[in-house]
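Spelled out from the first residue to the last, the chains are:
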Amino acid sequence: MESLIKSLDSLYCDSLTQYSRRKTIPVRVGDVIIGGDNHIVVQSMTTVDTMDTLGSVEQCIRMIDSGCELIRITAPSLKEAENLKNIKSELRKRGYQTPLVADIHFTPNAAELAARIVEKVRINPGNYADKKKFEVIDYTDASYAEELERIRERFLPLVKICKENGTAMRIGTNHGSLSDRIMSRYGDTPLGMVESALEFLRICEDEKFHDIVISMKSSNTQVMVQAYRLLVQKLNEGGFKPYPLHLGVTEAGEAEDGRIKSAVGIGTLLEDGLGDTVRVSLTEDPEFEAPVAKALIDRYTGRTGHASIPEVVNYPITPFEHNKRQVAEIYNFGGHNVPRVITDISKVENITDREMKAVGHFYLPELDKWKMNDLGCDFVYSGSNPIPFMLPNGMKEIQNYSVWEKAPDQVNKFPLFGLSEYQKAEVFHSEINFLEVLDTEIAETISTIQGRKDTVLILKTANTHGMPALRRAFVSLIEAGSDIPVVVKVSYPDQTADMTMLYSATDVGGLLVDGLGDGILISLEKEGEHTRQEVLDQIKLHNSVSFGVLQAARTRMSKTEYISCPSCGRTLFDLQETTAMIRKRTDHLKGVKIGIMGCIVNGPGEMADADYGYVGSGKGKITLYKGKEVVKRSVPSEKAVDELIEIIREDGMWNEPETI
Ligand code: SF4
């Protein structure tokens, strides 16, 4: 893999330091153009049964009103494909021109019909011409070529229909549903995902059909980011046209976790100028998706005018695979430790022990003991407001150097220095000191910290092109051979809760995906007109977002992970209600991944690497999985959550929830 990045010419984006959108060919989808010099298009997918014409139309209208510019509707068989005609004509009758996209899995005949009706068809190359059997077959070159010939025969009619009707196509690879053929040759790797799309793309190019958008979705953010980057590199290398990219993280989940996970994947790519259309998939009503996509996209309006960042000459980071930057272990940072969470409480004077619940540490006065939940932060930064009581063992305090140097306890508290303070200081903590610097101070910092084994950097930037500016500072550290651990500090004054989630997930998550960063610190900016409770709420949000970002970037698992599908016309139960019910019973199972999928057709494939699966297999019937293996079939839905817990228990992964 190393060889793929030796030359910056073969990189996946125009520049690692100067924001610029990748130049793509424009693809017309009805009145909307994806790619070229056009804005990044927001899209989403309906969840109502496609046979329910009016229900679908009304949901489409709610989606359009929320900012959706392109609407995807599932067409699992001919009858749904046929009904797209009614949905489209009712929408047009009501004055809505929003283009429609038919979502196809397994059914070429439905695709061929839909391509004559709607403006775009999405096919999944993993199942367009293949039924997944989870078989590992040894293909010879000849039998592999035969398979490709079989695909060509099945796929060509659709390509011709699209060409004749001016219908665009998305070749939408999903990490979880790669064909047995791809799996046997490449495994479920980013390269396998890319190759899966290229097999179909080659057929389109042979037919001179270029109205194509490509996606590489996964619920694993690292795999998703790597696959899109690799796709761009392979398109460039292979002399393909620069097709527009549709960005998305599959099965991202709901609420805060869903937003953070989407932003880690989508935001990371947008930072490097990749992406022409975005769909955020949440297990929520689809009208909640477009505003999140829009908030992610809008961040790049006017981004080109950012302060300049020194160019990268040699890029020591591997963008197509996850390699953690090697750093020294300082106290409990770096080495083999998980990334740490430092929560900023510095704007709260005389914080009380009971208020520490905002950072996941609970004081129990009747027992005079502390308890911690899964989101108990590792460090609090108290700035110049030292904590006036004894802290629990699991949490440490960082104070401004000016406070620490006069503090009665210089052993259990740690100092935070600015660069000039650090250069002048005579007293340091013997184990760990924190040095806060800007990316622009990195050269001076490197010479200052040389040889120090007692310091952790807190790295921040004032550049609006934040993630790449911080990444550039990491490049300098790597080039200088520095193994100092680095905590990334971000700050979003006056942003809403949603923006704070999305921005920190992009800025810190984007670095973590590339193996950069040993901790996170979200700066607390609220003061003045805010009540104490509002500031505490802000602290609580920052604390949980910090853990969420680490988890979404797959660097520290502190909670149960739910890989739940966004639902669509195929869904066999109420996904939101069921997800909430499963979450209520299992959200104390730290690090366990549970897939909750609306249908048995795509669900098992798209559960990716879930440890357990809850999949709708008929009206009121659920099939339960352990990994990819079916453990119980057709369980009545009233009993299915209990049965799921029983499977987890038998597997030795269950523990009883604690009450705090
Ligand atoms: S897994 Fe969910 S979103 Fe995917 S096709 Fe089935 S019901 Fe629809």
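How each quantity is defined
- Residues numbered from 1 in each chain as written.
- Predicted model: local features only at pLDDT ≥ 70, side-chain atom pairs only at ≥ 80, totals over all residues.
- Heavy atoms only, no water.
- Salt bridge = Lys/Arg side-chain N within 4 Å of Asp/Glu carboxyl O.
- Helix = DSSP H or I, 4+ residues; strand = E, 2+ residues; numbered from the N terminus.
- Expected span 1.5 Å × (residues − 1).
- Buried < 20%, exposed > 50% of the residue type's maximum accessible area, 1.4 Å probe, protein only.
- Pairing = 2+ DSSP bridges.
- Axes fitted to C-alpha atoms, helices over the stretch in contact; angles between N-to-C directions.
- Left-handed = near helix turned anticlockwise from the far one by under 90°.
- Contact = heavy atoms within 4.5 Å.
- Nonpolar A, V, L, I, M, F, W, Y, C, P; charged D, E, K, R; others polar.
- 1 Å grid on protein atoms, 1.4 Å probe; cavity = no way out; pocket = protein on both sides within 12 Å on 5 of 7 lines; lining within 4 Å.
- Points joined across faces, edges and corners; volume = space filled by probe spheres on them.
- Near = heavy atom within 4 Å.
- Phe/Tyr/Trp six-rings, centres within 6.5 Å; stacked < 30°, edge-to-face > 60°.
- Lys NZ or Arg CZ within 6 Å of the ring centre and 35° of its normal.
- Core = buried A, V, L, I, M, F, W, Y, C linked by side-chain atoms within 4.5 Å.
- Parallel < 35°, antiparallel > 145°, perpendicular 65-115°, else oblique.

Next up on the list: the pattern of salt bridges. If charged atoms from side chains of opposite charge come close, those side chains can pair. Inspection of every chain in the model, using the stated rule, returns 46 salt bridges. A salt bridge links R279 to E289, with the shortest nitrogen-to-oxygen separation between them at 3.2 Å. Taken together, the positions of R279 in the loop between β10 (277-278) and α9 (289-298) and E289 in helix α9 put the pair ten residues apart, joining distant regions of the chain. Of the charged contacts, one joins D507 and R299 as a salt bridge, the two residues approaching to 2.8 Å between their closest N and O atoms. Of this pair, D507 sits in helix α14 (residues 497-513) while R299 sits in the loop between α9 and β11 (340-344), and the two are 208 residues apart along the sequence.

Moving on, we get to α14. Taking 1.5 Å of rise per residue, the 17 residues of α14 would be expected to cover 24 Å, and the 23 Å separating its terminal C-alpha atoms lies within 8% of that figure. α14 sits mainly inside the fold: 14 of its 17 residues count as buried. Positive phi appears at G515, one or two residues downstream of α14, with a value of about 80 degrees.

Read from one edge of the open sheet, five strands run β21-β22-β23-β24-β25, paired in mixed fashion. The open sheet has two edge strands with one neighbour each: β21 (561-564) and β25 (629-636). For this sheet, the mean inter-axis angle between neighbouring strands, taken without regard to orientation, is 20 degrees. Direction of pairing for strand β24 (residues 621-626) relative to β25: antiparallel, over a ladder of five bridges. Across the sheet, residue I622 finds its bridge partner in β25, namely V635.

Where helix α8 (residues 255-271) contacts α9, the two axes come as close as 10 Å, and the packing angle between them is 35 degrees. α8 and α9 meet at a crossing whose hand is right-handed. For the pair α8 and α9, the contacting residues are R259, A263, I266 and L270 in the first and V292, L296 and I297 in the second. Of the residues that constitute the contact of α8 with α9, the class distribution is six nonpolar, no polar and one charged.

Scanning all chains against the criterion turns up three cavities of 30 Å³ or more. Taken together, 23 residues form the lining of the largest cavity, with M45, H105, E251, P566 and E606 sitting closest to its centre. At the level of elements, β7 (168-174) and α17 (603-606) are the ones that each hand at least two residues to the lining of the largest cavity. Tallied by class, the residues present in the lining of the largest cavity amount to six nonpolar, nine polar and eight charged.

Turning next to the sheet that holds strand β9 (residues 246-247). Taken in spatial order, the eight strands line up as β8-β7-β6-β5-β4-β3-β10-β9 in an open sheet, and their pairing is parallel. Every other strand in the sheet has two partners, leaving β8 (212-217) and β9 as the edge strands with one partner each. The pairing of strand β6 (residues 120-123) with β7 spans four bridges and is parallel. Each bridged residue has a counterpart across the sheet, and for R122 the counterpart in β7 is R170. Sheet strands touched by α9: β3 (41-45) and β10. Its angle to β3, the strand with the most contacts, is close to 155 degrees.

The next thing to look at is the site of the ligand. Around the ligand, the structure places C565, S567, C568, R570, T571, G598, C599, N602, G603 and E606. Among the residues forming the shell around the ligand, the class breakdown is three nonpolar, five polar and two charged.

Within strand β23 (residues 612-618), six of the seven residues are buried, which leaves the element mostly enclosed by the surrounding structure. Pairing geometry for strand β22 (residues 593-597) and β23, over four bridges, is parallel. The partner of I594 across the bridge, within β23, is Y612. Where β23 meets β24, six bridges bridge the pair, whose relative direction is antiparallel.

Bringing the pairing of strand β5 (residues 100-104) into the picture now. Burial analysis of β5 places five of its five residues in the buried class, the great majority of the element. Burial along β5 is two-sided: L100, A102 and I104 facing one way and V101 and D103 facing the other are all buried. Looking at chain direction, strand β4 (residues 70-74) and β5 are connected through four bridges and run parallel. Along β5, the bridge assignment pairs I73 with A102.

Our focus in this paragraph is the packing of aromatic side chains. Taken as a whole and assessed by the stated rule, the structure comprises 21 aromatic pairs. Taking the centre distance of 5.7 Å and the plane angle of 80 degrees together, the rings of Y139 and Y144 count as edge-to-face. Take Y139 and Y144: they sit in the same class, and that class is buried. The interplanar angle of 65 degrees and the centroid separation of 6.4 Å between the aromatic rings of Y331 and F379 together place this pair among those described as edge-to-face. Taken together, the residues Y331 in the loop between α9 and β11 and F379 in strand β14 (residues 379-383) connect sequence positions 48 residues apart. In this structure F379 comes out as buried when scored by relative accessible area, which is 0%. Put simply, the rings of Y331, F333, F379, F414 and F434 pair up and form one aromatic cluster. Looking at R185, its charged tip hangs above the ring of Y144, at a distance of 4.0 Å from the centre.

This paragraph deals with the nonpolar core. Formed by 164 residues in total, the largest nonpolar core has its most connected members in F155 and M169. Non-local contacts of F155, meaning those with residues more than four positions away in its chain, are made with I123, Y128, M169, F200, I203 and C204. Grouped together as the second largest cluster of nonpolar side chains are 27 residues, Y562, L589, I622 and V635 included.

What follows covers the side chain of T74. Position of T74 among the secondary structure elements: in strand β4. Taking the relative accessible area as the measure of exposure, T74 reaches 1% and is therefore buried. Non-local contacts of T74, meaning those with residues more than four positions away in its chain, are made with M45, T50, E80, D103, C568, G569 and R570.

The contact between helix α7 (residues 221-237) and α8 brings their axes to 9 Å, and the two run at 20 degrees. Classified by the angle between their axes, α7 and α8 sit roughly parallel to one another. The chirality of how α7 crosses α8 is right-handed. The residues of α8 that touch α7, namely those facing T221, M224, V225, Y228 and R229, are K261, V264, G265, I266, T268 and L269.

In this structure, the second largest pocket spans a volume of roughly 380 Å³. Lining the second largest pocket are 22 residues; nearest its centre among them are T461, N463, S491, Y492 and D507. For the lining of the second largest pocket, the secondary structure elements donating two or more residues are β17 (433-438), α13 (466-479), β19 (486-490) and α14.

So, about unusual backbone geometry. One non-glycine residue, D368, lies in the positive phi region at around 50 degrees. Within the secondary structure layout, D368 lies in the loop between β12 (361-364) and β13 (369-372). Note on D368: relative accessible area 55%, which makes it exposed. One non-glycine residue, R554, adopts positive backbone phi at about 60 degrees. The topology assignment puts R554 in the loop between α15 (532-552) and β21.

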